[in-house]
Amino acid sequence: MTTTSSLTLWMSEQGVFSYDGTSIAPVACMVRPWIDDNIDQIAVRELSFASHLGDFNEWWWFFPTLNSPYNTMAVIYNYKEGWWSQARLSRSAGITSSYTSHPIFADDFVAFQHEVGNVYQNAAGNAPVVPPFAESFDLNLVSGSRLTTVKQMIPDVEAVEATDPVAIANVIANLRYSIFYRNSRSLGAPELQSPLIPLRSDGYVDFRTTGRDVRLRIDVASAVVEPFTLGEHLIDSVPRGDR
């Protein structure tokens, strides 16, 4: 259970709840299926913890995966903007940030200062680090009842700290784009992923991918990532027939 300036937030078997000083209310958790698919229902009662990152209006909740002796995953909720995110990160405790200090998270007996630098790591022997990535929800045309061909995309990426043109180009070139899709509406149909595609020199990304329930994924090519921001991407897609 973690307290912010306006809410108290906690995770339970029934979901995420908040208390604003007057009433208790459920919080819609868009990543709850991901939690349910991975969580250790027994170990979570002993190992999980939550932390509030006040500078970013974020609530972090760490939990162990099945048969794991330590926390390996986390969900992040931005209570001001209402979005959720996921993390594969090994942390056992944490304290919030302030205007003069960065948040501190512990992994076993090692303490890490977060939100500074651009290297992602865990303590020796713990879970491997997954470089940051972003995925959209389904991008359906006609609610997925027809096939869709995603042809091209113009991404909106901006380097945060790089200033010279070469450094900015390297930040953008470090990103890789792919499409998750299904070719059938049948239950149990596997989700496929297109190859990881870099940005063309003229600013376009070529896909030529056809499927239903299309999702966009953005990966980084290396674990050392210069800070960048993502804006609204323009996708050229064409509705196809039904099969």
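Everything here concerns the structure above.
Residues numbered from 1 in each chain as written. Predicted model: local features only at pLDDT ≥ 70, side-chain atom pairs only at ≥ 80, totals over all residues. Heavy atoms only, no water.

J.: How should I be thinking about the overall build of the chain in this particular structure?
T.: What the chain contains, in helices and strands, is 3 helices and 19 strands. In terms of overall dimensions, the chain has a C-alpha envelope of 50 × 50 × 40 Å along the principal axes. Out of the 243 residues belonging to the chain, those deemed buried represent 40%. Long-range contacts, defined as pairs at least 24 residues apart, comprise 57% of the intrachain contacts of the chain with a sequence gap of at least 6. Total accessible area on the chain is roughly 13900 Å²; 54% of this is exposed by carbon and sulfur atoms. (Helix = DSSP H or I, 4+ residues; strand = E, 2+ residues; numbered from the N terminus. Buried < 20%, exposed > 50% of the residue type's maximum accessible area, 1.4 Å probe, protein only. Contact = heavy atoms within 4.5 Å. Areas by Shrake-Rupley, 256 points an atom, 1.4 Å probe, with all protein chains shown as cover.)

J.: Just to check I follow, could you spell out the sheet that holds strand β5 (residues 49-53) for this structure?
T.: Strand pairing within a sheet occurs via backbone hydrogen bonds; the two strands may be parallel or antiparallel. The strand order β5-β6-β7-β8 describes an open sheet built from 4 strands, whose pairing is antiparallel. Sheet topology places β5 and β8 (83-88) at the edges, where each strand pairs with a single neighbour. Looking at each pair of strands side by side, their axes are set apart by 20° on average, direction ignored. Both β5 and strand β6 (residues 58-63) contribute to a ladder of 5 bridges, which runs antiparallel. (Pairing = 2+ DSSP bridges. Axes fitted to C-alpha atoms, helices over the stretch in contact; angles between N-to-C directions.)

J.: Got a minute to help me understand the pattern of salt bridges in this structure?
T.: Pairs can form between side chains of opposite charge once their charged atoms are near each other. Enumeration according to the criterion identifies 10 salt bridges in this entry. For the salt bridge of R91 with D107, the shortest nitrogen-to-oxygen distance reads 3.8 Å. Taken together, the residues R91 in the loop between β8 and β9 (93-95) and D107 in strand β10 (residues 104-107) connect sequence positions 16 residues apart. Here R91 and D107 have matching classes, each one buried. (Salt bridge = Lys/Arg side-chain N within 4 Å of Asp/Glu carboxyl O.)

J.: How should the pairing of β10 be read in this particular structure?
T.: On a regular strand, each side chain points to the face opposite its neighbour's, so the side chains alternate between the two faces of the sheet. The alternating pattern of β10 places F105 and D107 on a buried face and I104 and A106 on a face that is not buried. Where β9 and β10 come together, 3 bridges link them in antiparallel fashion. Following the sheet pairing, I95 is matched in β10 by I104. Of the strand pairs in this sheet, β10 and strand β11 (residues 110-113) are connected by 4 bridges, and their pairing is antiparallel.

Remember that the coordinates give geometry; whether it matters functionally is a separate question.
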